[in-house]
Amino acid sequence: GQQVMQIPQYQHVQEGEDFTTYCNSSTTLSNIQWYKQRPGGHPVFLIQLVKSGEVKKQKRLTFQFGEAKKNSSLHITATQTTDVGTYFCAGLSDSGYALNFGKGTSLLVTP
Amino acid sequence: KAGVTQTPRYLIKTRGQQVTLSCSPISGHRSVSWYQQTPGQGLQFLFEYFSETQRNKGNFPGRFSGRQFSNSRSEMNVSTLELGDSALYLCASSLLGQASYNEQFFGPGTRLTVL
């Protein structure tokens, strides 16, 4: 079945450094969604990408969907302590009906 | 609009017991999905309900079941609890469901501890 792999599992950065998490699927995806979960909180939707090669920006966050629609990335420029949390990607396969979540990347930012 | 609510927020049970968790979606949302979250396995999809029908099911044993009512509220039931069922159970609502590219709005979760 479809699997969504996410790397790295953990990332520890100094405030001001950049951060990137990668999401890879074994099959072509119809879309990819990104969620953020703060410690002790619940996942909150960040963005959805649908088109091949799509790039979207939200302030310091840049989201990309690969040309083959099998991978995606989230890049944060100049991290802040408010970026702390776990970032999940979730994809819907071309023939699927349910989102498949990656295991997430936990980001720790120290001042 | 009020967000997704889940009750109870915390629950302690012993092995062999059963448990029922409740989820009230955002008003107007017809799809409710359930997930199990554990530190090692991340977010694992249990099932999705839409207009009182189970639309999708994840890879969980039959001890895990659910239902949805006409007002879109949903319940999930776990029978014969095992230690490994200890987890955060999250429900998420969306307007038309996962296959419609809708964003998922998650509730705060129910933290289940099985002793």
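Residues numbered from 1 in each chain as written. Chains lettered and ligands numbered in written order. Predicted model: local features only at pLDDT ≥ 70, side-chain atom pairs only at ≥ 80, totals over all residues. Heavy atoms only, no water.

A. Here's a closer look at the side chain of B:Glu75. Residues and elements named next belong to chain B. Locating Glu75 in the fold gives a position in strand β8 (residues 74-78). At a separation of 3.3 Å, a polar atom in the side chain of Glu75 contacts the side chain of Arg73. Ignoring sequence-local partners within four residues, the contact set of Glu75 consists of Thr20, Leu21, Ser22, Trp34, Ser65, Gly66, Arg67 and Phe69. (Helix = DSSP H or I, 4+ residues; strand = E, 2+ residues; numbered from the N terminus. Polar contact = N/O pair within 3.5 Å; in protein donor to acceptor, adjacent residues only side chain to side chain. Contact = heavy atoms within 4.5 Å.)

B. Representation of the pattern of salt bridges in the model. All names here are of chain B. Following the criterion strictly, the structure yields 7 salt bridges over all chains and no others. Taking the shortest distance from any N to any O, the salt bridge between Arg55 and Glu48 comes out at 3.3 Å. Accessibility expressed as a relative area gives 0% for Glu48, which makes it buried. For Arg63, the salt bridge is made with Asp85, and the minimal N-O distance between the two is 2.8 Å. Of this pair, Arg63 sits in the loop between β6 (53-57) and β7 (64-68) while Asp85 sits in the loop between β8 and β9 (87-94), and the two are 22 residues apart along the sequence. (Salt bridge = Lys/Arg side-chain N within 4 Å of Asp/Glu carboxyl O. Buried < 20%, exposed > 50% of the residue type's maximum accessible area, 1.4 Å probe, protein only.)

C. Summary view of the layout of surface pockets. Each pocket or cavity is described by its volume, and for the second largest pocket that value is around 550 Å³. A:Gln37, A:Thr86, B:Gln37, B:Thr38 and B:Pro39 are, among the 25 residues lining the second largest pocket, the residues nearest its centre. Secondary structure elements with two or more residues in the lining of the second largest pocket: β9 (85-93) of chain A together with β4 (31-38) of chain B. Ranked by residue count, the leading element in the lining of the second largest pocket is β9(A), at 3 residues. Across the lining of the second largest pocket, the residue classes tally to 7 nonpolar, 14 polar and 4 charged. (1 Å grid on protein atoms, 1.4 Å probe; cavity = no way out; pocket = protein on both sides within 12 Å on 5 of 7 lines; lining within 4 Å. Points joined across faces, edges and corners; volume = space filled by probe spheres on them. Nonpolar A, V, L, I, M, F, W, Y, C, P; charged D, E, K, R; others polar.)

D. Quick look at the interface of chain A and chain B. On the side of chain B, 20 residues touch chain A, which itself brings 17 residues to the contact. Buried surface at the junction of chain A and chain B, both sides included, amounts to about 1,600 Å², of which 58% is carbon and sulfur. Of all residues in chain A, A:Tyr97, A:Phe101 and A:Lys103 give up the largest surface area on contact with chain B, accounting jointly for 28% of the area buried on that side. Taken together, chain A and chain B are joined by 0 salt bridges. Summed over the shared surface of chain A and chain B, the number is 5 residue pairs in polar contact (both at pLDDT 80 or more). (Buried area = accessible area lost by both parts, 1.4 Å probe.)

E. The arrangement of unusual backbone geometry in detail. For the peptide bond that leads from A:Ile7 to A:Pro8, omega is -5°, which places it in the cis range. Position of A:Pro8 among the secondary structure elements: in the loop between β1 (4-7) and β2 (10-14). The omega torsion across B:Thr7 and B:Pro8 is -10°, close enough to zero to call that bond cis. Relative to the elements of secondary structure, B:Pro8 occurs in the loop between β1 (5-7) and β2 (10-13). Its identity is not glycine, yet B:Ser51 carries a phi of approximately 50°, on the positive side. The exposure class of B:Ser51 is partly exposed, given its relative accessible area of 33%.

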